[in-house]
Amino acid sequence: MRIIKYISLVILIVFNSCHDKGKEQTSVIKNNLQVQKYPLITIDPNISAWSETSTLYSSQVKHSSGRTLPLVGLIRVDGKVYRFMGTEELQDEAIAGTSCDSEWTGKYTFIHPDKGWMKWNFDDREWNSGKAPFGTKSAYQVNTIWPSPGIWVRRKIKINQDEILNKKLYLKYSHDDVLEIYINGILLVKTGYEWKKNEIVEIPDEVKRTIKDNEIIIAAHCKNLQGGALLDFGVYLKNVDDEWFGRYTFVQPPEDWQKEHFDDCEWDRGKAPFGTPTDYHVNTNWKTSDIWVRREINIHPALLKKTLILKYSHDDEFELYINGVQIVKTGFDWKQNEIIEIPDRIKKMIKDGKITIAAHCKNKRGGALVDFVLYGEDIASQESVDVQATRTSYLFKCGNVELRLRFIAPLLLDDIEVMSRPINYISYDVTSLDKKKHHVEIYFEITPAWASNGTIHTNTSELYTEGNLLFLKTGRKVQKVFEPNEKYMQINWGYFYMCANGLNTTSAMGDATKLRKEFISKGCLSAGAKSYAPASYIALAQSLGNSKQVSGKIMIGYDDVYSIQYFGENLHPYWNRKGNKKIEQLFSEADRDYDSLVKKCQKFDHEFRRKTTLEKGMEYADFLALTYRQIVTENKLDEGPSGDLLFFSRGRPVDINHLSSLLLNNNTELLKALLNPIFYYSESNKWEKNYPPSNIGEYPLENGETSSLNGAVEAASDLLILTAAIMKADGNTDYATKHWDILTKWNNYLSEINADMYNQLSYGISVHNQSDNSEIASKIMLGMSSYGYMAKFITMH
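Residues numbered from 1 in each chain as written. Predicted model: local features only at pLDDT ≥ 70, side-chain atom pairs only at ≥ 80, totals over all residues. Heavy atoms only, no water.

Caption draft 1: A look at the overall build of the chain. Tallying secondary structure elements over the chain gives 13 helices and 45 strands in all. Among the 797 residues that make up the chain, the fraction classed as buried is 56%. A fraction of 72% describes how many contacts in the chain between residues 6 or more apart in sequence connect residues 24 or more apart. Summing over all exposed atoms, the chain offers an accessible surface of approximately 35,400 Å²; the carbon and sulfur share of this is 47%. (Helix = DSSP H or I, 4+ residues; strand = E, 2+ residues; numbered from the N terminus. Buried < 20%, exposed > 50% of the residue type's maximum accessible area, 1.4 Å probe, protein only. Contact = heavy atoms within 4.5 Å. Areas by Shrake-Rupley, 256 points an atom, 1.4 Å probe, with all protein chains shown as cover.)

This is the structure:
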């Protein structure tokens, strides 16, 4: 937990706060910010998901760290299906995954083996058996220690030859340092002195043809020249993408090179992608600074009735034209699988179903890449998006109906029980646009990646009912609770849930392509009363009947079982602080409270915007509404062994700044909970210094300071200021009096530093080696003034 910094906003609130609640606002509110990133699911630091594009269907949902958390939504209207959320992209299927996706054991040796060690018929019975990954614990989380300069590893893998027909097979590997990998004796990877994680290389047909009896042997040799060591590898399968050939040139073409009529017959013909093979999997090598590529496509007339989507990848500067009209232009950037919708004005220009796509890419340095594909899909038309403190709302047009979708997180700071409930809602309203009745079904799909650090192959999933609710649950087979290296963004325990009322709801687990096809054809899924499945996608479908207007919802939840390790003691989440409550009970309460919570969220959003606008202006109110859920959910509420409320912060200074101001205005008990761990640590024999610790651990392992941030003066000042702010807001001295001894100790520390600075500055010495000590001096004076304010208040009372 990081010490609170940069709290000038808090100071303003302390001395100028207005607690006038005002009249409840009932007018429609609208966020005016034009952004590309919107909060969707916000439950806790580990389960936080955003849409990173302006349209909900243009990208995969992602964690705030960038980790992909696929969430797909489809709506079926009179038999026609529209995608309104997520993308069709599927995660790779692990034939025999790396250790991140599946546990595996291989044969290994540290002694240089005999000739032919990489071949199929080599006898490795004398080698040791070890669990991957192999490496040094000081540098990586490994299962088999590798202490020597070199290691040789062999892994046998079963592959169904019939299942890989017309599909691409990939080798994924991680290494540190020099590596060579063979498949069935054929060299596939050879690196220099480097270290990389999750690199991918396609297994060529010549290697696939050597598969015998549905089995292959992967043999790897890795040298550790210095520092850390690592070796891990696996085989993955994916469907073949649209393979295409285009005309290309490395020489500057005439000005009209992007036009339909341009004659490119003198250009070379090459297979995509184009780029540098050392950096990407490419089919045509591109070594020059510039490349121009043209591709002609014949489109079936039926495809023009769908939404045309362009997916492209590039490295670096990129421009792309369709029939001579520019639709993409980037700066110095490199991205893969970007998606853009082709506007109707371009579709109207298409004659005889022919399209010419022309692209130019400039490689300024490093790797180079060009690839693009055009396809048609029935996608809902997004009409608007709005984000408020507790809700993000989308409006879509889906044929003859309108879909209003809301992501609701009831993070009400004045209601700790509801705020700590790890459940969000996805609600929807479907309304006829032509005043006629329509048959409507809706579909939601997630992957086990939500509960296992972005992977799916380590999980098992479960489908069951309890009461009137249907539950879809997923989590790791092996729950690694508070294991070393299982830190923030790497938490590999807990269970993720999707839940809905069982009435008119069907569900299933399995291959995502099959699940979607079944929904598209039937509008429902093959239900099961209770079932289990390993590493499966999970989905539910709701039949909304034949009507002009209908509403519904699903619930998303997360049970992390244990949230925080607090000085050696594992703490349950706050909602289950006594360890006697089931998550199913919590879902039942959330289902029961839905209507009342929606009204409370609407009221909270209006009041939140009114107060924030009064304090900081409209633009700031828009910004804080956008970030509010992230600010709150990057903190974890819990109860300590002595019953104290604890609020553990991830500690990004700007977020704590906003959080402190929010708590002062809404709930000082939560602000106290933010400080309680620091007071507990400082007042115990675990911390003996005369200034506060810079942190009490590294989330979620809050077991004592892990590193000093050299901010003792700022920490002491900030804690004095915040305690004074709490006393001001509460109107009593209880909290300050409880911690008066340690507050006095910190004040004395500041007094000594202040005297030191004064004496040494008199001789021209900079105590903190900073060019300007005025900021430090001001912070000291604010801290000491806050202490004086508290002392005077206590004396008066």
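Caption draft 2: How the structure looks around the sheet that holds strand E13 (residues 178–183). Pairing is antiparallel in the open sheet, where six strands are placed in the order E8-E7-E11-E16-E13-E14. The open sheet has two edge strands, strand E8 (128–131) and strand E14 (186–190), and neither has a second partner. Averaged over all neighbouring strand pairs, the angle between strand axes comes to 25°, with direction disregarded. (Pairing = 2+ DSSP bridges. Axes fitted to C-alpha atoms, helices over the stretch in contact; angles between N-to-C directions.)

Caption draft 3: Up close: a nonpolar patch on the surface. Judged by side-chain polarity, Tyr-193, Trp-195 and Leu-225 come together as a nonpolar surface patch covering roughly 350 Å² of accessible area. Assignment of secondary structure puts Trp-195 in strand E15 (residues 195–202). (Patch = residues over 30% accessible without salt bridge, like charges linked within 9 Å, V, L, I, M, F, W, Y side chains within 5 Å. Salt bridge = Lys/Arg side-chain N within 4 Å of Asp/Glu carboxyl O.)

Caption draft 4: How the structure looks around a negative patch on the surface. On the surface, Glu-93, Asp-162, Glu-163 and Asp-511 cluster together into a negatively charged patch. Within the fold, Asp-162 resides in the loop between strand E11 (150–158) and strand E12 (167–176). (Lys, Arg positive; Asp, Glu negative; His and termini not counted. Charge placed at Lys NZ, Arg CZ, Asp CG, Glu CD.)

Caption draft 5: Layout of unusual backbone geometry. Omega for the peptide link from Ala-132 to Pro-133 comes to -5°, which places this bond in the cis form. With respect to the helices, strands and loops of the structure, Pro-133 is situated in the loop between E8 and strand E9 (134–135). Put simply, Tyr-699 and Pro-700 share a cis peptide bond, and its omega is 5°. Residue position: Pro-700 is located in the loop between helix H9 (668–683) and strand E45 (701–702). Its identity is not glycine, yet Asn-323 carries a phi of approximately 50°, on the positive side. Tracing the backbone shows Asn-323 in the loop between strand E24 (317–322) and strand E25 (325–329). Residue Asn-323 is classed as buried on the basis of its relative accessible area, which comes to 6%. The backbone phi angle of Val-561 is positive, close to 65°, even though this residue is not glycine. With respect to the helices, strands and loops of the structure, Val-561 is situated in the loop between strand E40 (549–559) and strand E41 (564–566).

Caption draft 6: Region of interest: the packing of aromatic side chains. Here the structure, examined in full by the defined rule, presents 45 aromatic pairs. Seen from their ring centres, Tyr-566 and Phe-567 are 5.0 Å apart, and the 70° between their planes marks the pair as edge-to-face. Using a relative accessible area of 18% as the deciding quantity, one classes Phe-567 as buried. By way of ring pairs, the aromatic residues Tyr-566, Phe-567, Phe-648, Tyr-680, Tyr-681, Trp-687, Tyr-691 and Tyr-749 are connected into one cluster. Over the ring of Tyr-574 we find Arg-577, and its NZ or CZ is 4.0 Å from the ring centre. Of note, Lys-689 hangs over the ring of Trp-687, and the distance from its end group to the ring centre comes to 4.5 Å. (Phe/Tyr/Trp six-rings, centres within 6.5 Å; stacked < 30°, edge-to-face > 60°. Lys NZ or Arg CZ within 6 Å of the ring centre and 35° of its normal.)

Caption draft 7: Layout of the packing of helix H6 (residues 583–616) against helix H7 (residues 618–633). Interaxial distance between H6 and H7 falls to 7 Å at its minimum, and their mutual angle equals 135°. The angle between H6 and H7 falls in the class oblique. As for the relative orientation of H6 and H7, their crossing is right-handed in sense. Along the contact surface, H6 presents Phe-604, Phe-608, Arg-609, Thr-612, Thr-613 and Lys-616, while H7 presents Met-618, Tyr-620, Ala-621, Asp-622, Leu-624, Ala-625 and Tyr-628. (Parallel < 35°, antiparallel > 145°, perpendicular 65-115°, else oblique. Left-handed = near helix turned anticlockwise from the far one by under 90°.)

Caption draft 8: A look at the packing of helix H10 (residues 712–730) against helix H13 (residues 774–796). Axis separation between H10 and H13 bottoms out at 8 Å; the angle between their running directions is 35°. As H10 packs across H13, the resulting crossing turns out to be left-handed. Between H10 and H13, the contacting residues are Val-713, Glu-714, Ser-717, Asp-718, Leu-720, Ile-721, Thr-723, Ala-724, Met-727 and Lys-728 on the first element and Ile-776, Lys-779, Ile-780, Leu-782, Gly-783, Ser-786, Tyr-787, Tyr-789, Met-790 and Phe-793 on the second. Taken together, the residues of the contact of H10 with H13 break down into 12 nonpolar, four polar and four charged. (Nonpolar A, V, L, I, M, F, W, Y, C, P; charged D, E, K, R; others polar.)

Caption draft 9: Examining the pattern of salt bridges more closely. Within this structure, the stated rule accounts for 36 salt bridges. Where Asp-378 meets Lys-80, a salt bridge forms, and the shortest distance between an N and an O atom there is 3.8 Å. Here Asp-378 is found in the loop between strand E28 (369–377) and strand E29 (381–387), whereas its partner Lys-80 is found in strand E5 (residues 80–85), with 298 residues between them in sequence. Under the relative-accessibility criterion, Asp-378 is labelled buried at 17%. Here Lys-80 falls in the partly exposed class, since its relative accessible area comes to 37%.

Caption draft 10: Broad picture of the sheet that holds strand E1 (residues 38–42). Taken in spatial order, the three strands of this open sheet run E1-E2-E3, and their pairing is antiparallel. The open sheet terminates on both sides in strands that have one partner only, identified here as E1 and strand E3 (62–63). Pairing geometry for strand E2 (residues 48–51) and E3, over two bridges, is antiparallel. The residue bridging Ala-49 from the neighbouring strand is His-63, located in E3. H7 contacts E1 and E2 of the sheet and is inclined by roughly 35° relative to E1.

Caption draft 11: Focus on the confidence of the model for the chain. Scored by pLDDT, the chain has a mean of 86; 88% of the residues are at 70 or more. Predicted confidence for residues 652–656 stays below pLDDT 50, and this span has 10 contacts to residues more than four positions away or in other chains. Contacts from residues 763–771, a stretch scored under 50 in pLDDT, to residues over four places away or in other chains number 13 contacts. (pLDDT = per-residue confidence, 0-100.)

Caption draft 12: A look at the nonpolar core. Counting residues in hydrophobic clusters, the biggest one holds 68 residues, and the most contacted among them are Met-419, Met-555, Phe-587, Tyr-628, Leu-637, Leu-670 and Leu-743. With 10 residues, H6 is the largest single contributor of residues to this core. Tyr-38, Phe-444, Ile-538 and Val-550 belong to the second-largest nonpolar core, a separate cluster that totals 52 residues. (Core = buried A, V, L, I, M, F, W, Y, C linked by side-chain atoms within 4.5 Å.)

Caption draft 13: Inspection of the environment of Asp-378 at higher detail. In this structure the C-alpha to C-alpha distance between Asp-378 and Ile-309, which are 69 residues apart in sequence, comes to 10.0 Å. Those residues in contact with Asp-378 that sit more than four places away from it in its chain are Lys-80, Val-81, Tyr-82, Arg-83 and Lys-306. Within polar-contact distance, the side chain of Asp-378 engages the side chain of Lys-306 at 3.0 Å. (Polar contact = N/O pair within 3.5 Å; in protein donor to acceptor, adjacent residues only side chain to side chain.)

Caption draft 14: Examining the side chain of Asp-177 more closely. Inspection of the secondary structure assignment puts Asp-177 in the loop between E12 and E13. Those residues in contact with Asp-177 that sit more than four places away from it in its chain are Thr-191, Gly-192, Tyr-193, Glu-194, Trp-195, Cys-222, Lys-223, Asn-224, Leu-225, Gln-226 and Gly-228.

Caption draft 15: Fine view of the pairing of E28. Relative to E28, strand E20 (residues 274–275) is paired through two bridges, and the arrangement is antiparallel. In the sheet register, Gly-275 faces E28, and the bridge partner there is Leu-369.

Caption draft 16: Representation of the environment of Ser-694 in the model. Counting through the fold element by element, Ser-694 comes out in the loop between H9 and E45. Sequence separation of Ser-694 and Glu-705 is 11 residues, and the distance between their C-alpha atoms is 6.9 Å. Among the polar contacts listed, one links the side chain of Ser-694 to the side chain of Asn-695, at a separation of 3.2 Å. A distance of 2.6 Å separates the side chain of Ser-694 from the side chain of Glu-705, its partner in a polar contact.

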